[in-house]
Amino acid sequence: MKSHEFQLTPRDLVGLVGPTLVVVLVAMGLLQAARHWRCLPPPPLSLNPDLTMLAHQARASRQRDPAEIVLVGDSTCLMGVDAGQLSRELPRHDPALSLALIIGLDLKVYGGVLRTFAATNPGQVRAAVLLLTPQKLAAGNHSEDEVAAWQTIDATMATGWGDLSPTTETDWLGRKLLRENLLAHVLDTPLRGSGAEYFGFSSQIDHYLTAHRGSLLDFGTFALPRRRQHLDYQLAPGFEAESRAFRSLLPAGTRLYIGLTPGPRSAAAPDDRVRRNELLRQWNVWMQADALLTNLPTTLADAGFAKSGHLNGRGQAELTTALARELAPLLEPKTGPPGK
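Predicted model, so just to flag it, every value in this text is computed and none were measured.

Rules behind the numbers
Residues numbered from 1 in each chain as written. Predicted model: local features only at pLDDT ≥ 70, side-chain atom pairs only at ≥ 80, totals over all residues. Heavy atoms only, no water. Pairing = 2+ DSSP bridges. Helix = DSSP H or I, 4+ residues; strand = E, 2+ residues; numbered from the N terminus. Contact = heavy atoms within 4.5 Å. Axes fitted to C-alpha atoms, helices over the stretch in contact; angles between N-to-C directions. Buried < 20%, exposed > 50% of the residue type's maximum accessible area, 1.4 Å probe, protein only. Expected span 1.5 Å × (residues − 1).

Novice: Explain the sheet that holds strand β6 (residues 291-292) to me, using residue names and the numbers behind them.
Specialist: Spatially, the five strands line up as an open sheet ordered β2-β1-β3-β4-β6, and their pairing is parallel. Of all the strands in the sheet, just β2 (96-98) and β6 have a single pairing partner and so form its edges. Both strand β1 (residues 69-73) and strand β3 (residues 127-132) contribute to a ladder of five bridges, which runs parallel. Bridging across to β3, Val70 finds its partner in Ala128. Against the sheet, helix α12 (residues 272-287) engages β3, β4 (255-260) and β6, with an angle of about 145° to β4.

The following block contains the structure:
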């Protein structure tokens, strides 16, 4: 026995589904039109946690800022030096800013972000500090994919419009536009892995970078590898082109100081300082820096390193103090008769 029976004609189905379908089609059309005419806000910096830092540095290079000392380099510079602490520990409290990036980018990118900042703040940058891990000099290469990602991010920050997470998928329904250009501005992106407990959401990485003058922090404690590793102090021949490209991008009137970031003490060898300083002198044939930072430590205690191999908070504070001590006499105004 059937208690109820419904019979829907095609016309009834159209009456039920039609209004909803019309709304969806209109919304799709509006999203695509807004995309075409660039009426949607760009995706927020916090959309992709892996790109948040790069987007922040690209944006910071285009903002007015009082910095007279600019730090550039790979992630060992980004995580190894706190630019705010550096300013506080310099005798004249010279304002400093970190525009450090990642190891997968080449020196031409580092020089480009420095030049962009100098152009935004003309006649202001007195000194540039380039800090790299020795592994960067030994490898002498970079990632084309990461350079391409940086170029996309940098162009987005320059124009105020772009796609921080490009995809080859066709987005006819506008789901990606809705998610990234609209909803991402009100729904934050949670973090996973290292730093998740401290930062919580990727937007907090951006806030931290702003509060700490472009410097970031890594967490945890270094785990001693099963097989002892030694620090690699070699200079790849292919690094010459990158080095000369960076030097050519140095803003006029800016002094250049170059150095290498320290490794864990468990990887130390008795002649590390000698080999490190010789490597700096070899590199400087191409860089023509105003001074080599030869008094920075070659190693720090293992407890000052995070699991990733970057410095943690303890190591960062120690290296920043050492850098301030090294830079202090170099930043003193030159005195004496003209030409001396």
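Novice: Outline the side chain of Thr298, supporting the account with residue identities and numerical values.
Specialist: Summarising the element assignment, Thr298 is placed in the loop between β6 and β7 (299-300). Take Thr298: its relative accessible area is 11%, and that puts it in the buried class. Those residues in contact with Thr298 that sit more than four places away from it in its chain are Leu231, Tyr233, Pro262, Gly263, Asp272, Arg273 and Arg276.

Novice: Mind laying out α12, listing which residues take part and the relevant values?
Specialist: Along its 16 residues, α12 runs 22 Å from first to last C-alpha, staying within 8% of the 22 Å computed at 1.5 Å per residue. Of the residues one or two after α12, Gln288 is the one with positive phi, at around 55°.

Novice: I'd like a rundown of the pairing of β4, residues and numbers included.
Specialist: The two faces of a sheet get side chains in turn, since along a regular strand they alternate between them. Within β4, six of the six residues are buried, leaving the element largely enclosed by the surrounding structure. Every second residue of β4 is oriented toward a common face, with Arg255, Tyr257 and Gly259 on one face and Leu256, Ile258 and Leu260 on the other, all of them buried. Two strands pair when backbone bridges link them, and β3 and β4 are joined in this way by six bridges, in the parallel orientation. Looking across to β4, one finds that Leu132 is bridged to Leu260. The pairing of β4 with β6 spans two bridges and is parallel. When the sheet's bridge partners are listed, Tyr257 is paired in β6 with Ala291.

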